[in-house]
Amino acid sequence: MRGKCGLFFESYRGEAAVFQSGFQKTCLGLFVAVLLIAPWVLDSYFMSMLNLIMIAVIGAVSLNLLTGVCGQISLGHGAFIGVGAYAAAQATLHGVPFIAALFLGGFSAALVGMVFGVPSLRLKGIYLAIATLAAQLILEYVFLHWESATGGSRGLIVEAPKILGFSFDTERKIFYLLLAAAACSLLMVTNVLRTRHGRAFISIRDFYLSAEIAGVNLFGYKLAAFGLSSFLAGVAGGLWAHYTQFLSAEQFGITLSISYLAMIIIGGLGSVTGSVMGAVFITLLPEVLNGLSGALAGVLPDITSQLVALREGVFGLTLMLFLIFEPEGLANRWRLVKSYWKLYPFAH
Amino acid sequence: MEYYLQLFINGLVVGGIYSLVALGFVVIYKATKVVNFAQGELVMVGAYVCFGLTVQLHIPFVWAFLMTLGFSVVLGLAVERLALRPLIGEAHICVIMVTIGLSSVLKSIVQVIWGTQIKVYPEVLPTTPVIIAGMPIAPVYIAAFVLSGLLFGVFTLFFKYSRMGIAMRATAHDQQAAQSMGIGIRGIFALSWCIASVVSTVGGVILGNINGINSHLGVLGLKVFPAVILGGLDSLLGAALGGLIIGVLENVCDGLAKDLFDLGGFREVAAFVVLVGILMVKPYGLFGTEEIERV
């Protein structure tokens, strides 16, 4: 056993490495292996949960890049996801191959995101939050009324994704696709954070004036953050479109934006691991509530009819409790738990 | 033309309610720098409590209204103490998210107790329209407008002359200086939430008398943003004017969009299109304090 009670870096390279210890690498490898065999063990209900989580992970990590890392509050993320979803869906309906359609969705979301990100040069904090709120509501209106592109209130039917003639038409098959996409996005964001661009984002969040004095081009980087984040959001949207195979304007309402914000708050602002944890937490919360209400239906017969209202209440309450008692999110709690066990039983 | 005049008047009435809700928002923002996304839900809770007292418990309207005001004071205090005070000094996003969480909780409570159907208030005012300048206008509209105006008058005087009001303005101007002059900041924060809750409740009750209430009333809270941005986030006069202008604008734009482009439901976004324009051109609004930063 190596008697090392902490991480020591002897070079900048080591400090910036994605995996800082062999143990970490092994754990992650095992985790991925478990995920890879999961489709053979779990039934399709659990698979649908996992699939939703994968899409939520991409959305959450992209929002975390913008809001958690770069500090630009966005209340319009749900709508950016919607732009990607509709663009990718229209592309495949017009015969574009799936992968290309996915990128097309990403790029169109990035374009829209950057257009609404332009005010971010002049607006900060709450003003930006309100501007993105306006973006959300305006885009929602467009989704509902641009009938030739979005199907309006009737919705839009999309086919299952097809790559080189292979159709991902079951929960199990599409899981591998979504897992790959989620892993790519996580790796991408992790790597962006390690570069000088990532550090520029963080410096803008911490204090924009110092960042500008240190030579960071505020407008360019803010716009880049909006673009990159919306690109990933668009990809998440494209995957969502081809996974659910049905799009309607209500799916991309302000509730979606809020739930993504809740994911990164609960997971931990500015943390990639946190985004994953938050995505898992928020996606599973309603399912756990469903299960609980089913179990309690014998005692409280009214509970199932009140479920929709209760779900929203529990969501809000969880969010508030996290903000008040655990503002650093699950990622920080996880770090504390780990460091506790690292030195166990000699904590001092 | 008559159609547009009618739209204009409807807009003024709706705008009067926007102004009231915006007033609550501005009072909170001025004193505590909190952006309250739950303003619409405060309106909704007030409207439902008043409805419950009058219709379900058969209390005469005037008493029920007073009791609702009492309730809203308690609600404002509770919200400030339980949800907002722990977050003093946290980042913008945390404070915004806590009010969003609060709005979900309030909405859920209302839905669990009263369901999602539209509830109609008993008729308090006569329904025969009054003719003003050749236009038939329902008395409840006039009452709504007068009441909004009255409340604005009261609050303007309150902020200008009363000890508490001056203390609130001092706090808004410079918290540290106010504190060193012996003003209890916590009391001011609590008071501003009370005021916001009370004016929202009044707005809710008026709205209930006009249209009836349902559980989507909280959406109104979003309409406050165009109004306060137009008027300036920290200006009472701005909130009043902004609310009225946005109310009129969205009604007239809705009519225009329907006539010219055959677009339905433009009412929902007209105000936000305006909002984006204002933010691009004049982010601090008509009367807001410009934040000047010096390095």
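Computed from a prediction, not measured in an experiment: that's the story for all the values here. (Residues numbered from 1 in each chain as written. Chains lettered and ligands numbered in written order. Predicted model: local features only at pLDDT ≥ 70, side-chain atom pairs only at ≥ 80, totals over all residues.)

**Overview of the overall build of chain B**
Within chain B, the regular secondary structure consists of 11 helices and 2 strands. Taken over C-alpha atoms, the radius of gyration comes to 19 Å for chain B, in line with the 19 Å a tight globule of 295 residues would show. Once the C-alpha set of chain B is aligned to its principal axes, its extents read approximately 55 × 50 × 35 Å. If you take every contact in chain B between residues at least 6 apart in sequence, the share linking residues at least 24 apart comes to 75%. (Helix = DSSP H or I, 4+ residues; strand = E, 2+ residues; numbered from the N terminus. Rg over C-alpha atoms; globule rule 2.2 N^0.38 Å. Contact = placed C-beta atoms within 7 Å.)

**Comments concerning the interface of chain B and chain A**
On the side of chain A, 34 residues touch chain B, which itself brings 34 residues to the contact. Of all the secondary-structure elements, those providing two or more residues to the side of chain B that touches chain A are helix 4 (92-114), helix 9 (220-231) and helix 11 (267-281) of chain B. No other element matches helix 4 of chain B, which puts 16 residues into the side of chain B that touches chain A. When grouped by side-chain class, the residues that make up the side of chain B that touches chain A number 26 nonpolar, 5 polar and 3 charged. (Nonpolar A, V, L, I, M, F, W, Y, C, P; charged D, E, K, R; others polar.)

**Points about the packing of helix 13 (residues 272-296) of chain A against helix 14 (residues 307-325) of chain A**
All names here are of chain A. Contact geometry for helix 13 and helix 14: axes closest at 10 Å, N-to-C directions at 130°. One element, helix 13, and the other, helix 14, form an angle in the oblique class. In this structure, helix 13 crosses over helix 14, and the sense of that crossing is right-handed. Here Leu285, Pro286, Leu289 and Ser293 of helix 13 lie close against helix 14, whose contacting residues are Leu307, Leu310, Arg311, Val314, Phe315 and Thr318. (Axes fitted to C-alpha atoms, helices over the stretch in contact; angles between N-to-C directions. Parallel < 35°, antiparallel > 145°, perpendicular 65-115°, else oblique. Left-handed = near helix turned anticlockwise from the far one by under 90°.)

**As for the confidence of the model for chain B**
In low-pLDDT regions, the fine details of the predicted coordinates are not to be read closely. Averaged over all residues, the pLDDT of chain B equals 85, while 99% of them reach at least 70. Of the two predicted TM-score estimates for the complex, the pTM is 0.91 and the ipTM is 0.88. (pLDDT = per-residue confidence, 0-100.)

**Re the packing of helix 5 (residues 139-161) of chain B against helix 8 (residues 185-211) of chain B**
Two measures define how a pair of helices packs: the angle their axes make with one another and the distance between the axes. All names here are of chain B. The contact between helix 5 and helix 8 brings their axes to 10 Å, and the two run at 170°. Taken together, the axes of helix 5 and helix 8 lie roughly antiparallel to each other. Contacts from Val140, Ala144, Leu147 and Leu151 in helix 5 reach Val199, Val202, Ile206, Asn209 and Ile210 in helix 8. Looking at the contact of helix 5 with helix 8 residue by residue, the classes come out as 8 nonpolar, 1 polar and no charged.

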